[in-house]
Amino acid sequence: MTSPWQRSARGANLLGADGTLGVTIFEEMTTLALAHGAINLGQGFPDEDGPAVVREAAQAAIAAGANQYAPGKGIADLRLAVAEHQERFYGLTPDPEDEIIITTGATEAIAATLLALVGPGDEVLTFEPFYDSYGAIIALAGATHTTAPLLAPDFQPDLAALETAFTDRTKVVLVNNPHNPTGAVFGTAVLGEIVRLARKHDAVIVTDEVYEHLTFGVAHIPVATLPGAAERTLTISSAGKTFSFTGWKIGWLSGPAELVAAVRTVKQFLTYSSGTPFQGAIATGLRLGDEFYAEIAATLAHKRDILSAGLRAAGLDVYTPAGTYFVNADTAPLGITDSLDLARRLPELVGVAAIPVPVFCHPEGAERTRTLLRFAFCKKVPLLEQAAAQLATLRDRL
Ligand code: PMP
Ligand code: GLN
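A quick note: this is a predicted structure, and the numbers were derived from the prediction, not measured.

A. Inspection of the packing of aromatic side chains at higher detail. For the structure shown, the criterion picks out 17 aromatic pairs. Judged by centre distance (5.7 Å) and plane angle (70°), the rings of Y211 and Y325 are edge-to-face. Separated by 114 residues along the polypeptide, Y211 in the loop between strand 7 (204–208) and strand 8 (233–238) and Y325 in the loop between strand 10 (317–319) and strand 11 (326–330) bring together distant segments of the chain. Joined through ring pairs, the aromatic side chains of F89, Y90, F243, F292 and Y293 make up one cluster. Here R374 stacks its cationic end above the ring of F326, 3.5 Å away from the centre of that ring. The aromatic ring of F45 is capped on one face by K379, whose charged end is 3.7 Å from the ring centroid.

What follows is the structure, given as structure tokens:
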């Protein structure tokens, strides 16, 4: 017997294959990791806090009484700091008055944007695999989710398949660059094609760039910097990844005033406004010197290399990411045929948690990725080495 709640959740694709829900794959794997005392390389969050100066700014803001509602669009100083950041790194010049809003993480920016822009009859095109909230929010908006595949080993799109995936019903193309879960970073050829096709089909480009500062030896190119893109592009980012404060849930969105106003209209009925004392602190973070930004990427690249070497030594095929917190590895060489099943057993088997890539896919994509696991490397080096040593025992424990 399914309850009305279960029926509506199933309608919005929020229920798992077995008809139960409640938790995302991230929550499920974190809970399993805790239950088994496993090293959690599943949900992407760092095991070290971000800069002390940013933390202290939040503590000082609380002590100074910044504890009531912020303005719905965000405090002026953070909107200004976002504008400065966009100009400093990318030469973009959004007006902090009406072309930027602060959100409760990138998650809310994505939700408010899709709920504002699409409904039944509209298509939202993403790459596949896709970050989990995209599928859920597209479904909640009642729109149709179409996809273009990213294939191993480099997870770059086939441009002909991308063109075919666009239709005149494509209202939004939702880009994620650098890309979770694959770690791919898209260059101007791919981004230029997205812009060309969005213009041809009159689609809005929504771009989730939360990993903008976490690329390894390649430049991050915001879609909005490409010719013809800015007037139809909403750019989303977040403090979680750049500053290692995933629990603060401060994000932002910038783009043309008319589109930003539409998103803000929805945002005001989701959370109304976002964590007041954290906003000023993130303004401090955004203004940190270039050495801060260079160091976070270099530190993470080193961690990527440590974990990748460990996964290879454990017998997995590793797809080296150019950005993000994540490395994908193929378990097929160990005889695995179902990475979801393996992920559910892994914490108990070897004391490591990971995320199965098929959960980021529709059925066809899930078939293509059915032996892939995503491992997060945003952890201290000794922990990554320990995880690699434990994973090396997997072959014998299966
Ligand atoms: N988009 C992507 C691609 C992500 O990986 C995440 C997770 N950090 C989010 C959005 C959500 O970001 P936030 O925690 O700021 O809501
Ligand atoms: N973005 C994080 C990841 O991909 C998870 C955030 C969440 O738990 N929703 O691991």
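B. Local environment of the pattern of salt bridges. Inspection of the entire model under this criterion finds 20 salt bridges. A salt bridge links E97 to K73, with the nearest nitrogen and oxygen atoms 3.2 Å apart. With E97 in the loop between helix 4 (76–90) and strand 2 (100–103) and K73 in the loop between helix 3 (52–63) and helix 4, the pair connects residues that are 24 residues apart, well separated along the chain. Residue classification places K73 among the buried positions, given a relative accessible area of 16%. Put simply, E364 and R368 hold a salt bridge, and the shortest N to O gap is 4.0 Å. Placement of both E364 and R368 in helix 14 (residues 363–368) is noted, with a separation of four residues, approximately one turn of the helix. Taking relative accessible area as the criterion, E364 reaches 63% and is therefore assigned exposed. One network of salt bridges, in which partners are shared, links E163, E193, R196 and K200.

Conventions and cut-offs
Residues numbered from 1 in each chain as written. Chains lettered and ligands numbered in written order. Predicted model: local features only at pLDDT ≥ 70, side-chain atom pairs only at ≥ 80, totals over all residues. Heavy atoms only, no water. Phe/Tyr/Trp six-rings, centres within 6.5 Å; stacked < 30°, edge-to-face > 60°. Helix = DSSP H or I, 4+ residues; strand = E, 2+ residues; numbered from the N terminus. Lys NZ or Arg CZ within 6 Å of the ring centre and 35° of its normal. Salt bridge = Lys/Arg side-chain N within 4 Å of Asp/Glu carboxyl O. Buried < 20%, exposed > 50% of the residue type's maximum accessible area, 1.4 Å probe, protein only.

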